[in-house]
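Examination of the molecular architecture
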Amino acid sequence: MEINIRRAEAKDCERILELVQELAIYERASNEVTVSLEHFTESGFGKNPVWWAFVAETPVSDMANEEENKNSIVGIALYYIRFSTWKGQVLYLEDIIVTQEMRGQHIGTILFERILQEAKEKGFKRVAWQVLDWNEPAINFYKKYNATFDGEWINCTVVL
């Protein structure tokens, strides 16, 4: 199957949020996605973007058909830049998502390798992300890249 990887555009945000919701269901947190489409789009494509993404899409026969174009996106990798006072800038992979029906076709690998390439092109020395401790398929995937897993740090959040 032919897969095209390209930078996300504002018109992709609705589909990206659909994939985010699919991930939330998989991660047993379907009610946790509360971001609006407007805020999401502004945050990625407004005056001061704070996130960037790549989309994986399959070819469609009629690119003029908006519904087909939307459905051609089968995966995303969304990232932002984090700053470490010890290490400098770090590319932080927020989400890598491949729709359930397309898993197992190496789309996640293609997206992850595009993220690694992006980090190298930008001169970053590190890529960081989180993975749920029960998500064995993802953990095994990242082990193929010799990723290190840090059990020492605890995630903290304050809801305002």
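Preceding block: the structure.
Below: a short report on this structure.

Considerations on the sheet that holds strand 3 (residues 73-84)
- In space, the 5 strands of this open sheet follow the order 1-2-3-4-5, with mixed pairing throughout. The open sheet has two edge strands with one neighbour each: strand 1 (4-7) and strand 5 (127-128).
- Across 2 bridges, the pairing between strand 4 (residues 88-98) and strand 5 is parallel. Looking at strand 5, one finds that Tyr92 is bridged to Ala128.
- Contacting strand 2 (52-57), strand 3 and strand 4, helix 1 (residues 13-26) runs over the sheet at an angle of about 85 degrees to strand 3.

With respect to the pattern of salt bridges
- This model, assessed by the stated rule, comprises 10 salt bridges.
- Among the ionic pairs, Glu118 bridges to Arg7, the shortest N-O distance being 2.9 Å. Note that Glu118 is positioned in helix 4 (residues 107-121) and Arg7 in strand 1, a separation of 111 residues in sequence.
- Residue Arg7 is classed as partly exposed on the basis of its relative accessible area of 43%.
- Close ionic contact of Lys122 with Glu118 constitutes a salt bridge, the shortest N to O distance being 3.6 Å.
- When its relative accessible area of 45% is taken as the criterion, Lys122 is described as partly exposed.
- When salt bridges that share partners are traced, they join Arg6, Glu9, Lys11, Asp12 and Glu57 into one network.

Considerations on the environment of Glu9
- Position of Glu9 relative to the elements: it lies in the loop between strand 1 and helix 1.
- For the pair Glu9 and Thr41, spaced 32 residues apart in sequence, the C-alpha separation works out to 9.3 Å.

Criteria and thresholds
Residues numbered from 1 in each chain as written. Predicted model: local features only at pLDDT ≥ 70, side-chain atom pairs only at ≥ 80, totals over all residues. Heavy atoms only, no water. Pairing = 2+ DSSP bridges. Helix = DSSP H or I, 4+ residues; strand = E, 2+ residues; numbered from the N terminus. Contact = heavy atoms within 4.5 Å. Axes fitted to C-alpha atoms, helices over the stretch in contact; angles between N-to-C directions. Salt bridge = Lys/Arg side-chain N within 4 Å of Asp/Glu carboxyl O. Buried < 20%, exposed > 50% of the residue type's maximum accessible area, 1.4 Å probe, protein only.

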